[in-house]
Amino acid sequence: MPMSRLLVVSAVLLLSAACGSSTGYGGGTPPPPPPPPPPPPAGGGHTTSIDVKDNEFSPTPDTVSSGATVTFTWTGTVAHNIKFEDGSGNSGDQTSGTHTRTFPTVTTATSFRYRCTFHSTNFTSANSMNAVIVVKP
Ligand SMILES: [Cu+2]
């Protein structure tokens, strides 16, 4: 092999090796990935809009601020209602539309349990159409 051809082959091999080791960041470490989003409140939402579905309330549990007004929106196809354990802010039987309840001002976190009387027999059973809103000061 002529000397000039040997030099060309060597140059190509060197260039290939250099490109193969490049990271695209000038040889430094790549930038760190963005931090993960903060976790949602434990076990539920933080919203003043709750969907009344067939057959669940979503989200639940939900946490709102003292004195907040929560809007329930019927998104299913069969009738549901909202009956609060404290007897206040109940809705009628509805298949569509909305219902609102304004919660009281509280000085300690207070749970307001509610259920649909068609699809739940009490306020605490799992896998039933009941839910809770936690009002925080
Ligand atoms: Cu229901």
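The written sequence of each chain sets the order in which its residues are numbered from 1. This being a predicted model, a pLDDT of at least 70 is required before a residue's local features are given, and a value of 80 or more before pairs of side-chain atoms are given or counted; all residues contribute to the totals for chains, interfaces and linings. The basis for the side-chain values is all heavy atoms of the structure; hydrogens and waters are excluded.

Topic: the packing of aromatic side chains
- Ring pairs are drawn from Phe, Tyr and Trp, using the six-membered ring of Trp, whenever the two centres fall within 6.5 Å, and their geometry is named by plane angle: stacked under 30 degrees, edge-to-face over 60, tilted for the rest. Applying the stated criterion to the full structure yields six aromatic pairs.
- Between F72 and Y114, the ring centres sit 5.4 Å apart and the planes meet at 75°, which makes this aromatic pair edge-to-face. Of this pair, F72 sits in strand β4 (residues 69-74) while Y114 sits in strand β7 (residues 110-115), and the two are 42 residues apart along the sequence.
- The rule is simple: take the accessible area with a 1.4 Å probe, protein chains only, and divide by the maximum for that residue type; under 20% is buried, over 50% is exposed, in between is partly exposed. According to the relative accessible area criterion, F72 is buried, its value standing at 0%.
- According to the relative accessible area criterion, Y114 is buried, its value standing at 0%. By the criteria applied, helices consist of DSSP H or I runs no shorter than four residues and strands consist of E runs no shorter than two, each listed in order from the N terminus.

Some thoughts on the sheet that holds strand β5 (residues 83-84)
- Spatial strand order, β3-β8-β7-β5: four strands in an open sheet with mixed pairing. Edge positions in the sheet fall to β3 (62-65) and β5, since each has one partner strand and no second.
- Sheet topology note: the β7/strand β8 (residues 130-136) ladder contains six bridges and is antiparallel. Across the sheet, F112 pairs through a bridge with I133, a residue of β8. Strands pair, by our definition, only if DSSP identifies at least two bridges between them.

Considering the environment of A68
- Relative to the helices and strands, A68 resides in the loop between β3 and β4.
- Considering only alpha carbons, one finds A68 and T105, 37 residues apart in sequence, at a separation of 8.3 Å.
- Contacts are assigned to residue pairs that have any heavy atoms within 4.5 Å of one another. Sequence-distant contacts of A68, defined by excluding residues within four places in its chain, comprise T48, R101, T102 and F103.

A few points about the sheet that holds strand β6 (residues 98-102)
- Strand order across the open sheet formed by four strands is β2-β1-β4-β6, with mixed pairing between neighbours. One side of each edge strand has no neighbouring strand; the edge strands of this open sheet are β2 (57-58) and β6.
- Bridging between strand β1 (residues 49-52) and β2 involves two bridges; their strand directions are antiparallel. Considered in β2, the bridge of D51 is made with S58.

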